[in-house]
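Chain residues, written in single-letter form:
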Amino acid sequence: MKHTLLIKVALCAAIMFISTGANALGKDFKKLAKIEGVEHVHIGKFLLNLAAKNGESVNIGEDITFTGKSGDMLKKINSIDAFTSEEKKTVEQLSQQVRNILDGNGWEPLIDAKDEDGQRSKIYQKQQGKHTTIVIFAEEGNEASLVVIDGKLDMAQLMEQMNKEN
C-alpha cells in the first residue's frame, strides 16, 4: 500500500516536472514575439489535427510544408510557432535572444551551416521524455526566421516526411 502511494506520488511529480519543463520552454520562445518588429504565427494542436483529418497542407514559410500525406506527422505535433523579422536591428536582437535560449540548457545542435551567400541555418532539438522540441533558425542579411516545432516526434521522422513531400 505504501509502495503504491509512493509510486503515484513519484509519477505525479514526474508528469508535473515534464509539463513544467515543456511550458517553461514555450515561454522562452513566446517572449520573442514581444520584440518590436518580430512577426509571430502560432498554429495549435486543434488546427494541426483538423488539417491532418482533412488532408490539408500546413505551410511554414517557403521551405517547410506538411501536406495531407503527412497527416500522421501532423497528429504528433502539439504546436508550431514561426517568428520572422525583416529589420536589421530586430534581426540582431532576435538572433541574440535565440542564441541565449539555445546555448547550453540541454539543446542538442543538429545542423549549423553557412552558405556562400551568407545565409546561416541552425537546427537544434531538445528532448524531455517522449516530448521533443525542434528549432530551425535561419538568418541572412536583414532577414531572420525561426520555427519551433513542439510535439512527440523525432528529427529523423520529420526529415523523412519532408523529403517525401518535396
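Residues numbered from 1 in each chain as written. Predicted model: local features only at pLDDT ≥ 70, side-chain atom pairs only at ≥ 80, totals over all residues. Heavy atoms only, no water.

Thoughts on the overall build of the protein
Our working rule: Only DSSP runs of H or I covering at least 4 residues are called helices, and only runs of E covering at least 2 are called strands; the numbering of each starts at the N terminus. The contact definition used throughout considers only heavy atoms, calling two residues in contact when any of these lie within 4.5 Å.
Along the protein, the regular secondary structure elements total five helices and eight strands. In the protein, the order of α-helices and β-strands from amino to carboxyl end is α-β-α-β-β-α-β-α-β-β-β-β-α. Partitioning the contacts of the protein with sequence separation of at least 6, the portion at a separation of at least 24 is 54%.

A closer look at the sheet that holds strand S7 (residues 131–140)
Adjacent strands of a sheet pair through backbone hydrogen bonds, lying either parallel or antiparallel. Filter applied, for reference: Strand pairing requires that DSSP identify at least two bridges connecting the strands. Here an angle of 0 to 180 degrees is reported between the N-to-C directions of two axes, which are lines fitted to C-alpha atoms, with helices fitted over the stretch in contact.
Within the open sheet, the six strands sit side by side as S1-S4-S8-S7-S6-S5. Their pairing is antiparallel. Of all strands in the sheet, those bounded by a partner on one side alone are strand S1 (39–44) and strand S5 (108–114). The sheet shows a mean angle of 10° between the axes of neighbouring strands, taken without regard to direction. Across the face of the sheet, helix H2 (residues 45–54) comes into contact with S1 and strand S4 (77–85) while running at roughly 65° to S1.

Regarding the side chain of His131
We apply this condition: Partly exposed describes any residue whose relative accessible area lies between the buried limit of under 20% and the exposed limit of over 50%, with all areas from a 1.4 Å probe on protein chains only and scaled to the type maximum. Within 3.5 Å is the distance limit for a polar contact, defined as a pair of N or O atoms, with the added protein rule that one can donate a hydrogen and the other accept it, and that residues adjacent in sequence qualify only through two side-chain atoms.
Locating His131 in the fold gives a position in strand S7. Classification of His131 by relative accessible area gives buried; the value is 12%. Within the structure, His131 has its side chain in polar contact with the side chain of Asp150 (distance 2.8 Å).

Topic: H2
So the rule is basically this: Each C-beta atom gives one direction from the helix axis, and the arc is the one those directions make.
Restricting attention to buried positions, one finds in H2 the residues Leu48, Ala51 and Ala52. For H2, the angular spread of the buried residues around the axis is 100°, confining them to a single face. In H2, the exposed positions that point more than 90 degrees away from the buried face belong to Phe46 and Lys53. The first or second residue beyond H2 is Gly55, which carries a positive phi of 70°.

Quick notes on the environment of Val58
Structurally, Val58 is set in strand S2 (residues 58–60). Exposure remark for Val58: the relative accessible area of 8% places this residue in the buried category. Taking the C-alpha atoms as reference, Val58 lies 9.3 Å from Ile43; in sequence the two are 15 residues apart.

What to know about the pattern of salt bridges
Formally: For this analysis, a salt bridge means a side-chain nitrogen from Lys or Arg found within 4 Å of a carboxyl oxygen belonging to Asp or Glu.
Within the structure shown, the criterion is met by four salt bridges. Asp81 is the partner of Lys30 in a salt bridge, and the nearest nitrogen-oxygen pair spans 3.0 Å. Within this pair, whereas Lys30 is found in helix H1 (residues 2–30), its partner Asp81 is found in strand S4, the two being separated by 51 residues in sequence. Here Lys30 falls in the partly exposed class, since its relative accessible area comes to 35%. Glu92 is the partner of Lys88 in a salt bridge, and the nearest nitrogen-oxygen pair spans 3.5 Å.

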